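The primary structure of each chain is shown beneath.
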Amino acid sequence: MSGLVLIGLFDGVEPAAKAGQALRALPLPAANLTTISGVPLPDGAVSVDPRPIRFSRYVVVFWFVGALAGLGLALATYLLYPLITAGKAIISIPPTLIITYEVAMLFALLATLVLGAREMGLPRFKAKKVHEPRIHEGKIAVCAVVEPGEQERRAREAMKTAGALDIRTEEGEI
Amino acid sequence: MSGEHLLARTDEAQLYRDLSRSNLVTTWKWFAGAGTLALVLLWGIGVFVYMMMTGMGVTGLNRPVFWGILIVNFVFWIGLSHSGTLISAILRLTHATWRAPILRAAEAMTAFSLMVGGLFPLIHLGRNWRFYYTIPYPNERGLWPNMRSPLMWDAVAINTYLIGSLTFLYVGMIPDLAILRDKSEGWRRMLYSILSLGFRGTHAEWRRYHRASTLFAILIIPVAVSVHSIVSWDFAMAKVPGWHSTIFAPYFVVGAIFSGIAGVVLVMTVLRRVFRLERVLTPLHFDNLGKLLCMMSLIWGYFYFAEFLTVWYNRNPEEWEVFSSYGKSYLPVFLLMIMCNFVIPFPMLCMKKVRRSIPAISIASFLVVVGMYCERILIVTASLARRNDPFIWHNYFPTWVELSITAASFAMFGLLYMIFSKIFPIMAISDIKERLFHTTERAFGGASAEAIARVEEGEEEGSA
C-alpha cells in the first residue's frame, strides 16, 4: 500500500494500541495500517494483518518436488551407471529411501527461506518503504496510509490524542 | 511492583551495548587469540600439504586400521554439531522462555562444527585432489558416485544439514542484522544492509518471520536426527565386529546430543567470560542445560550398557574380542570414556550447586567432550584393530601428522567462532528483547514472580 504515510511514534504498546483503534474507527482499512516495532506484536494488538500467510503450504509442495528429485537422482544413477553385483538387485531400495528423504528435506528448507522471504517482500533495497530506526530505542511506530487533506488531519489528531511522541508524513509504502 | 513489561524498564541502548560488545569492542587479546589460532591452523594446513605430497604412509594408518583419528575427528565434530541447531529448534518450538541467550551461540556452534567436520573425509581421502569424483556430474570417464555407499548418503545428509543449519542461523539473525544496520556506519552498515535484506520490523514481516522460523525449527529437527543416524550407518552397514549393530543409529544420536550440549555449555562459558555477558547468560541457563546434560548422561549410560550387555552375555567370539580389547590395549581410553561420560558427570550434574556453578558445570562439560572423543576412538579404531582375522590384528596410534591436523581443526573452529563474533551479533538481540517484552512481574502474596504472555500461532487474534 503506497501513498502518503503518516508515521506516529509511541512510547509503548498501550498508546500505540489506542492510536490503532482510533485510526480504524476513522474508518481506515486494515491494509492501510501497520506497525513498525523492534519486537513482534500479537496480531490485533495494534494493527491487524489482513493478508493470510500462504507460503507454508507451498513448502509442503516443494517437499514433494524434492522427494521426486531425490528419487530421480537415485533411480537415474542405478539405470545410467548400473552396478552389477551377483545376486543383488540393480535398484537398491534403502539408499533410494535415504537420498529421497534428504533431498526432500533440502528442498523444503530452501523453499522456506525463499518463499518466506518472498512473502515478506524481501530482499528489498530501495528506500521507498517507510522506516523508523527509533524502534530500536523501545518505540513503536504506527504507520497509516491516508488521503491528504481531511483524512490526514483526522488521523494526525487521533495519533496525537493517543499520545504520539512524534508525528511525521512521508511519501512511500508501508 | 509495576505492571510494565520488563523491556519498558530496560535501557535498550545499554542492552544493545551489552549484547553487541563483541561487535563494538576489539581488544589486543582478541587479536592475540585469533593470531595464535591462525598460526595453529596454518601449521595444520602445512602438515596436510606434507601428507598430501608424501602419501598416507605418514599417518598411523595400517592394515587393518584404515580409519584412524581423522575419521574420529569427523564423527566427533559432526556429533558436536548436532546439538546446536537441535537444541535451538526444540527450545523454539517448546517456547522455552529461557532460550533466547543460548540460541545464537548454539546455532553458530553447529555451523562451524559442520564446516570443520565436513573437511575430514576429504583430508582422509588420500589423493585429495580427486575429491571432485564424489560429486555427481557427467564426465568423460563415465564416473558417477555410487548411491549404494553409506559414504555417499553421508555427503548428501551433511550437505543438507549444513545448508539447513546455515539458513537457520541466518534467518534467526535477520532482525538483529536490521538493528545493527540502523546502528552502525561505514562498511558495517553496508554489509548489514545487504544481509538484513531490508527487514524493517513491520507487523506483516514479523508474522511471516515467525512462521518461517517455526517451519525451519520443525524441518531441521528430523534432518539433525537423520544426519547422525547416517554417520552411524557408515559403520553399522559394514560387517565389522563392534559396528554391525541395529542400536547404532539411536546410540550415535544420543551421543551426539550429549556431546553437543556439553559443547554449548563450554561455548557459553567462554562467551560469558570474554564478552562480559554475566547479566544475560545467568546460572539459570547453565542449570537448565545441566539438567539436559544429566539426563543425556543417563541415557548414554543406558545405551552403552545395553550394547555391551548383549555382547557380554552372548560372547560371540568376534564381537567379544573387540570388547575385551577395551580391557587390554585400550584400557586407558575405555576408563577415561566411562569416567568422563558417566561416573563423574552424572552424580556431579545431579547436584543443583554444581549445575548453578559455572566453573563446575564447565568442568563437567569438558569431561563429557573428552569422554565422547574417547568413545569415538574406541568405536572407530578398536573395532578395526580386532577385525575377523587375528593374524592381522594391529593396534593403531596416531602420528604427529594426524595430531597436528586434529589440533588445527580445534583452532579452525575457534577462529571461525572468533571471526563470527566480531562481525555478527553473538547474542540473539531480538529474541532477548522479545522475552523481556513478554515478561511482567506480578505479586504472589509477599513474593513476586515473572508472568510471561504468549501468543500461539493460529490462536484467536489479539489473545495474549
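It should be emphasised that the depicted structure is a prediction, and the values quoted were computed from it without experimental measurement.

Conventions and cut-offs
Residues numbered from 1 in each chain as written. Chains lettered and ligands numbered in written order. Predicted model: local features only at pLDDT ≥ 70, side-chain atom pairs only at ≥ 80, totals over all residues. Domains from an automatic or database assignment. Helix = DSSP H or I, 4+ residues; strand = E, 2+ residues; numbered from the N terminus. Expected span 1.5 Å × (residues − 1). Buried ≥ 20, exposed ≤ 12 C-beta atoms within 10 Å, placed from the backbone. Contact = placed C-beta atoms within 7 Å. Pairing = 2+ DSSP bridges. Core = buried A, V, L, I, M, F, W, Y, C linked by C-beta atoms within 7 Å. pLDDT = per-residue confidence, 0-100.

**Things to note about the domain arrangement of chain A**
In terms of domain boundaries, chain A breaks down into domain 1 (2–51 + 139–173) and domain 2 (55–120). Taken over C-alpha atoms, the centre of domain 1 of chain A sits 46 Å from the centre of domain 2 of chain A.

**Considering helix 5 (residues 100–124) of chain B**
Residues and elements named next belong to chain B. With 25 residues, helix 5 should reach 36 Å at 1.5 Å per residue; the first-to-last C-alpha distance of 38 Å fits that figure. Of all 25 residues making up helix 5, 20 are buried, and the element is well covered by its neighbours. Immediately beyond the C-terminal end of helix 5, within one or two residues, lies Gly 126, with a positive phi of roughly 75 degrees.

**A short note on the interface of chain A and chain B**
Between chain A and chain B, the residue contacts involve 52 residues of the former and 51 residues of the latter. Ranked by residues supplied to the side of chain A that touches chain B, first place goes to helix 3 (residues 93–120) of chain A with 15 residues.

**Description of the pairing of strand 2 (residues 33–37) of chain A**
Residue and element names in this part refer to chain A. Counting buried residues in strand 2 gives five out of five residues, a clear majority hidden from the surface. Residues of strand 2 alternate between two faces, with Leu 33, Thr 35 and Ser 37 on one and Thr 34 and Ile 36 on the opposite face, all of them buried. Where strand 2 meets strand 3 (residues 140–146), five bridges bridge the pair, whose relative direction is antiparallel. Bridge pairing in strand 3 places Leu 33 opposite Ala 144.

**Concerning helix 8 (residues 203–236) of chain B**
Look at helix 8 of chain B: 50 Å from first C-alpha to last across 34 residues, which is about the 50 Å you get at 1.5 Å a residue. In terms of burial, helix 8 of chain B is largely enclosed, as 28 of its 34 residues are buried.

**Comments concerning the nonpolar core**
Ranked by internal contacts, the top residues of the largest apolar core, which has 150 residues, are Ala108(A), Ala105(B), Ile261(B) and Val264(B). Ranked by residue count, the leading element in this core is helix 8 of chain B, at 16 residues. Other than its neighbours up to four places away in sequence, Ile261(B) contacts Ser83(B), Ile87(B), Leu289(B), Leu292(B), Leu293(B) and Met296(B).

**Thoughts on the confidence of the model for chain A**
On average, chain A scores 88 in pLDDT, and the residues at 70 or more come to 99%. By mean pLDDT, the top-scoring element of chain A is helix 3 of chain A (94), and the lowest-scoring one is strand 4 (residues 166–173) of chain A (84).

**Observations concerning the environment of Leu24(B)**
Residue and element names in this part refer to chain B. Mapped onto the fold, Leu 24 is located in helix 2 (residues 21–24). Residue Leu 24 is classed as partly exposed on the basis of its 13 C-beta neighbours within 10 Å. Taking C-alpha positions, Leu 24 is 8.0 Å from Lys 422, a pair spaced 398 residues apart along the chain.

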